[in-house]
Amino acid sequence: MPLWHIYHSADTFTAEDKQNFAKDITAYYAHFGLPEFYAVALFHEVPADSFYVGGVPTPSVRITIDHLARQVDDPDMRKRMSERLHDLMAPYTHDRGLHVEFNINEVPRDTWMIAGLFPPPPGSDIERGWAETNKPIPY
């Protein structure tokens, strides 16, 4: 599961922006075969007088991404992934002139459950079934 916590200055995103951003996030992971329901985006609006960068109130977006379904060990692949994720979020952040930062936390799969189930092995027939039905099915 990728879990995105998107902290943003007040009035940064419209409801349509949020929906489009969440759809783009979901599409990114679905492209790699993950079930769409794995992708979760939580938008946290922060009052303008409560979002400081370097001690100065700044129109900003700060994103923390938890990766549970997959982990990337290779440093070059991590860098490429980070660059692709930056490109994904740029239309909603950087391209709008906002200060943006993000980080990715990779969490061991064996510490994650969904609907009371441990996730199926990556790329398995069971995981493909979850992606096709877009829901966790006991196995």
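Keep in mind it's a predicted model, so treat the numbers as computed, not measured.

### What about the packing of aromatic side chains?
If you walk through the whole model with that rule in mind, you get 12 aromatic pairs. Here the aromatic rings of Y28 and Y29 are separated by 4.9 Å at their centres, their planes lie at 90 degrees, and the arrangement is edge-to-face. Taken as a pair, Y28 and Y29 share a single burial class, namely buried. Chaining the aromatic ring pairs together yields one cluster made of W4, F13, F21, F43 and Y92.

### Notes on the packing of helix α1 (residues 15-30) against helix α2 (residues 75-89)
Relative to each other, α1 and α2 sit at 150 degrees, their axes nearing to 10 Å. Overall, the two elements α1 and α2 adopt an arrangement that is roughly antiparallel. Where α1 crosses over α2, the two elements pack in a sense that is right-handed. Taken together, the residues of α2 that come into contact with α1 (itself represented by F21, D24, I25, Y28 and Y29) are M81, R84, L85, L88 and M89. Of the residues assigned to the contact of α1 with α2, the class counts are 8 nonpolar, no polar and 2 charged.

### Let's talk about the pairing of strand β1 (residues 2-9)
Most of β1 is tucked away: 7 of the 8 residues are buried. Judged from the 7 bridges that link them, β1 and strand β5 (residues 60-67) form a sheet pairing that is antiparallel. The residue of β5 that forms the bridge with I6 is I63. Remark: the β1/α1/strand β2 (residues 40-46) crossover connection has right-handed handedness.

### Description of the sheet that holds β2
Across the sheet, which stays open at both edges, the 4 strands sit in the order β2-β1-β5-β6 with mixed pairing between neighbours. The open sheet is flanked by β2 and β6 (99-106), the only strands paired with a single partner. The mean inter-strand angle of the sheet, taken between neighbouring strand axes irrespective of direction, is 15 degrees. Against the sheet, α1 touches β1, β2 and β5, its axis set at about 150 degrees to β1.

Parameters and conventions
Residues numbered from 1 in each chain as written. Predicted model: local features only at pLDDT ≥ 70, side-chain atom pairs only at ≥ 80, totals over all residues. Heavy atoms only, no water. Phe/Tyr/Trp six-rings, centres within 6.5 Å; stacked < 30°, edge-to-face > 60°. Buried < 20%, exposed > 50% of the residue type's maximum accessible area, 1.4 Å probe, protein only. Axes fitted to C-alpha atoms, helices over the stretch in contact; angles between N-to-C directions. Helix = DSSP H or I, 4+ residues; strand = E, 2+ residues; numbered from the N terminus. Parallel < 35°, antiparallel > 145°, perpendicular 65-115°, else oblique. Left-handed = near helix turned anticlockwise from the far one by under 90°. Contact = heavy atoms within 4.5 Å. Nonpolar A, V, L, I, M, F, W, Y, C, P; charged D, E, K, R; others polar. Pairing = 2+ DSSP bridges. Right-handed = clockwise from strand over helix to strand, strands pointing away.

These figures capture arrangement, not role.
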